[in-house]
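Coordinate inspection notes
The primary structure of each chain is shown beneath.
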Amino acid sequence: MSDGLPPASGAGGSGAEFPAPENSANLRTTEVDLGGLVGVLATHLYSTPLVALRELVQNAHDSHTRRKLEDPEGAYRPLIRVRGDAVARTVAIEDNGAGLTEPEIHAYLATVGTGYTRMLRELTGSQDLIGAFGLGFLSAFSVAEEVTVTTASHREPQAAHTYRSRGGEQYSVEPAPARPGPGTVVRLRLKAEHAHLADEQALREVLARYCVLLPIPVHVGDDEEPVNGVLVPWRQDVPGSPHLHRMRFATAFARSFEPLTAFPVTPVEGRTDAVGLLWVQDGGTYGSSDNRDLAVYLRGMLLADDARDLLPSWAGFIGGVVESTRLTPTASREDLQRDEHYRALQQALADAIVDGLYETARLHPAAWRRILARHGQDLLGAALCDDRLFTLLADDVPVPTSQGELTAGALRAAGSGAVHVALGSGGGFEEMLYRAMQVPIARGDRYAVLPFLRRYAQLRDCRIVELGSESGNKELFRAPDLPLPAEQHAWLAAALTDDGEQLVPARFDPPGLPLVLVPDREAELKARIEDDRADARIPSAALQLARAFTARTDGAVKARLYLNLASPAVRDLLAAYRDGHTGAATAAALLRSLKVIMAAAAGSAGGDLGAALAGVSTAVAALTAAVPAGGLSAVPDTISAEITDITGTAGPAGAADAADLPQGDEER
C-alpha cells in the first residue's frame, strides 16, 4: 500500500531527492497559527520576563548603530531612556536612533523572524549590531497586554507613525504627530503579573547589569547619570593604577561576594577575541562548592548571566565578566552554542586565572595571603588539576593539620623530613602517639589533602607517612627483631582479635602500651565511597579523588591490632602461656577488653564495648578468686575453654622453648 509519498529514485531509493510535482496546482501553503506561534515564542522562548527589557534596549542600541552606519556625517548625541509608571502600569523605552518608516514597520516590526539588523550586518560587516534573529520584539508580548510603538525615521523625520498590537497576532499602523526628531518610543502596558517591572528602582537594578557594557548611555526616569556610567577598565585608559580600576569595576559588578583581587582577560591571537575581567571572590568554598559567577556580553549586551561552565570546574572561587563578538548565541539569546569559539574561550579563561594568580602572588602579597587563607581547601584541589598551579601553590597553600593550618613545607620540617598524614577523620592511637612526639599530622580526610601531599612528596623527594595505611603504620610500628612463633601468634590472634582484624607483632613507644587497634583508613574510605548513597552524600570532586586513591586496596582487612612485644605486660603474658599458667587466658581476655575500650575512646569500632566491660569484671573476679586447697591447678579456666572452642588448640601444650622467643621475651 502506498504511503502517500512519491517513490525515491536510485538504488534502494536512498540518497535521492523527491521529484518536483508535475502539476504546480498541487502545491499548498503551510498554514501558521500566528497567535499560537507568538504565544510559544513570547512565553516559552525566554526564561524570565526581564529578558523583554534587555531585548527592547538592545533594539534601541541597534537603532543608534544603524543611524551611524546610514548617516555617518550626522551629528547627534545618542541616548536611550527607560521610564516606568507604576500607577499606569507602563514601561517606555525611548531612543533617538534611526527610527522606522511605515513600510519598514510592516516589513520588519510586524514580520516574525525578519530583522533589519541582520540584513544590515550582512551588508556592512558591522560587529556593533547585536540583533540576529528578528525575534526580540516578540519578547514584549511576554510581559505586556498591549504594545505601542511610535517612530519616525531619520530619512523622513516629519512622518511619524504609531504601531499598536494586543498579543502580536493583529496590529494597526496609523500616522502620529511629528516627533522632535528621529527615534522610537516603545510603550508597554504591562500584564498584571508583571506590574513590578514599572518600578523605576527595579529598572535601574536590572538595566545596570544588562547594559553595563553598552557604549550608549542608558538613563532611567529623569536620572542625569546613566546606569552604565561605570568606567570599563579594558576599554578606557584612565590615569592611576590599573589594578585599582579593575578592583573598582569588580566591586561595582560583583553580586554576592567582595573581590579579593582582579586580573584581566585579554585576546589570544588566533583563538579568541574575548576581553574582560576576572576576580577572586571572598565567598567561602569547600570541595565542590560552586560559586563560579561569570557573565558573558555579546557586543556590549548581557547574553548569559550564569556562564559558569566557561570557567574551569576547579575555579569555584572565581567571578568575572567577559565580552566577545565571536560567540554564537542561542535563539533565546540567554545561552551560548558550544562551538569552537566557546571551547577556545574556556581555555583562555583557565590560562587567565593561572596567570592572574601568579600576578597576585608576585605583585599583591597582602591579597595573596587573604586568598590562601580564604580558599586554601579549594586551591589544594585546583593545584591537582593544573601543573602550573601546583608549582605556584606547593609551598604556600595551607594544609589542615592536628596543629592548625600549616604549609606542606612546615609539615615536612616538623616531621624531620617526612610529611605525616592521617587517613581517618581525626583521632586514632596512631595519631595520638605522634601528638605525644609533637609531630603535626595532616588531615587526610579533608578535600584533596592526601593527593596533594602525595604529589608534594614526589616533587620535593621526601617521605610521606600515611597513618592508618599499612605502609604508613610500618613507619610507626617497628618490626620485632625475631618473628613471633606461629603457635603463639595463633593463640594471641584467637584471644585478642575480632573478624576483620589482623594481628601484627611489633615494637613501638611507649612500652607501657601493650597494644593498639588501628583501623585501615583506606578500607574505611573505600567502603564509604562504594556505598550506593555516596554520590548523594559526598561532593563530586572529593568523590572522584577518593575513588582514584582507594583502587589499590581490596578492603578485606578492616583494622590491624599492633601487639607491642616491647611491653612488659605482653612479655609476661607470653611467658605465662609458655609455662602453662592457668591465668594466661584470663590475662589475654583482659587485654582484649582493653583493646575494645581504647578503640571506643579513639572513636573506632573494635568489638562489643559492653561485652568488653563485662570481660574486665570477669577477669578481675578470676584473678582474685580464693585459691582452693588443691592449689592453682584446681581453679577452673573457663576463658581458656572459650579460646579452645575458637582455635581448636588446647591451651599451652607444645609451647615454644625459650630459644624460640622473640628478643626480649627470654625467661626472667
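Scope of this entry: the structure provided in the associated data block.

Cut-offs used in this document
Residues numbered from 1 in each chain as written. Predicted model: local features only at pLDDT ≥ 70, side-chain atom pairs only at ≥ 80, totals over all residues. Heavy atoms only, no water. Helix = DSSP H or I, 4+ residues; strand = E, 2+ residues; numbered from the N terminus. Buried < 20%, exposed > 50% of the residue type's maximum accessible area, 1.4 Å probe, protein only. Areas by Shrake-Rupley, 256 points an atom, 1.4 Å probe, with all protein chains shown as cover. Pairing = 2+ DSSP bridges. Axes fitted to C-alpha atoms, helices over the stretch in contact; angles between N-to-C directions. Contact = heavy atoms within 4.5 Å. Parallel < 35°, antiparallel > 145°, perpendicular 65-115°, else oblique. Left-handed = near helix turned anticlockwise from the far one by under 90°. Phe/Tyr/Trp six-rings, centres within 6.5 Å; stacked < 30°, edge-to-face > 60°. Nonpolar A, V, L, I, M, F, W, Y, C, P; charged D, E, K, R; others polar. Polar contact = N/O pair within 3.5 Å; in protein donor to acceptor, adjacent residues only side chain to side chain. Core = buried A, V, L, I, M, F, W, Y, C linked by side-chain atoms within 4.5 Å. Salt bridge = Lys/Arg side-chain N within 4 Å of Asp/Glu carboxyl O.

Regarding the overall build of the chain
If you tally the helices and strands in the chain, you get 22 helices and 20 strands. Buried residues in the chain amount to 49% of all 668 residues. Taken as a whole, the chain presents about 31,500 Å² of accessible surface, with 52% of it coming from carbon and sulfur.

Let's talk about the sheet that holds strand E10 (residues 293–298)
Here five strands make up an open sheet; going across it, the order is E8-E9-E12-E10-E11 and the pairing mixed. With partners counted over all chains shown, the strands left at the sheet margins are strand E8 (259–265) and strand E11 (301–304), one partner each. Taken over all neighbouring pairs, the strand axes of this sheet differ in orientation by 25° on average, direction set aside. Strands in contact with helix H8 (residues 340–363) are E8, strand E9 (275–281), E10 and strand E12 (318–324); relative to E8, the strand with the most contacts, it is inclined by about 125°.

Focus on the packing of helix H20 (residues 584–601) against helix H21 (residues 609–623)
One way to put it is that H20 packs onto H21 with a least axis distance of 8 Å and a crossing angle of 150°. As the angle between them shows, H20 and H21 are arranged roughly antiparallel. Read as a crossing pair, H20 and H21 show a hand that is left-handed. Listed contacts from H21 to Thr586, Leu590, Ser593, Val596, Ile597 and Ala600 of H20 are Leu609, Ala612, Leu613, Gly615, Val616, Ala619, Ala622 and Leu623.

Things to note about the sheet that holds strand E3 (residues 144–152)
Read from one edge of the open sheet, seven strands run E5-E4-E3-E6-E2-E1-E7, paired in mixed fashion. The sheet is open, and its two edges are formed by strand E5 (171–176) and strand E7 (218–220), each paired on a single side. The mean inter-strand angle of the sheet, taken between neighbouring strand axes irrespective of direction, is 15°. Relative to strand E2 (residues 90–95), strand E1 (residues 80–85) is paired through six bridges, and the arrangement is antiparallel. Its bridge partner lying in E2, arginine 81 is registered against glutamate 94. The strands touched by helix H2 (residues 50–70) within the sheet are E1, E2, strand E6 (183–190) and E7, with E2 carrying the most contacts at an inclination of about 20°.

A short note on the packing of aromatic side chains
All chains considered together, the criterion is met by 11 aromatic pairs. Where tryptophan 234 meets phenylalanine 249, the ring centres are 5.3 Å apart and the plane angle is 75°; that geometry is what we call edge-to-face. Here phenylalanine 249 lies in helix H7 (residues 242–253) and tryptophan 234 lies in the loop between E7 and H7, a separation of 15 residues in the sequence. On the basis of an interplanar angle of 65° and a centroid distance of 6.1 Å, the ring pair of phenylalanine 253 and tryptophan 279 is categorised as edge-to-face. A residue pair is termed long-range when its members are at least 10 positions apart, and phenylalanine 253 in helix H7 and tryptophan 279 in strand E9 qualify at 26 residues. These aromatic residues form a ring-pair network of at least three members: Trp234, Phe249, Phe253, Trp279 and Tyr297.

Focus: the packing of helix H19 (residues 568–579) against H20
One way to put it is that H19 packs onto H20 with a least axis distance of 9 Å and a crossing angle of 150°. Relative to H20, H19 is oriented roughly antiparallel. In this structure, H19 crosses over H20, and the sense of that crossing is left-handed. Seen from H19, the contacting residues are Leu573, Ala576 and Tyr577; seen from H20, they are Ala584, Ala587, Ala588 and Leu591. Here the contact of H19 with H20 is built from residues that sort into seven nonpolar, no polar and no charged.

Re the side chain of glutamate 323
By secondary structure assignment, the location of glutamate 323 is in strand E12. A residue is classified by how much of its surface remains accessible, and glutamate 323, at 11% relative accessible area, is buried. Polar side-chain contacts of glutamate 323 include one of 2.8 Å to the side chain of tryptophan 234.

So, unusual backbone geometry
One non-glycine residue, serine 416, lies in positive phi territory at about 55°. Structurally, serine 416 is set in the loop between helix H11 (408–414) and strand E15 (418–422). The phi torsion at alanine 448 lies on the positive side, around 70°, for a residue other than glycine. Relative to the helices and strands, alanine 448 resides in the loop between strand E16 (442–443) and helix H13 (449–460).

Some points on the nonpolar core
Leu278 and Leu453 are the most contacted members of the largest nonpolar core, which totals 57 residues. Contacts of leucine 453, omitting those with residues within four sequence positions, involve Val399, Ala408, Leu411, Val419, Val421, Ala442 and Ile464. Listed in part, the 54 residues of the second largest apolar core include Val57, Leu188, Tyr297 and Met301.

Concerning the pattern of salt bridges
Inspection of every chain in the model, using the stated rule, returns 33 salt bridges. Here arginine 204 ties to glutamate 200 by a salt bridge, and the two come within 3.9 Å at their closest N and O atoms. Linking arginine 204 with glutamate 200, this pair stays in helix H6 (residues 200–210), spanning four residues, or about one helical turn. Classification of glutamate 200 as partly exposed rests on a relative accessible area of 22%. Three or more residues joined by partner-sharing salt bridges are found here, namely Asp290, Arg292, Asp306, Arg308, Asp309 and Arg338.

Looking at the pairing of E10
Burial analysis of E10 places six of its six residues in the buried class, which makes it a mostly covered element. Covered by surrounding structure in E10 are Asp293, Ala295 and Tyr297 together with Leu294, Val296 and Leu298, the residues of both alternating faces. Here E10 runs beside E11; their pairing, made up of three bridges, is antiparallel. For tyrosine 297, the partnering residue across the bridge sits in E11 and is leucine 302. What sits between E10 and E11 in their antiparallel hairpin is a turn of two residues, with arginine 299 showing a positive phi close to 55°.

This is a description of form; function is not addressed.
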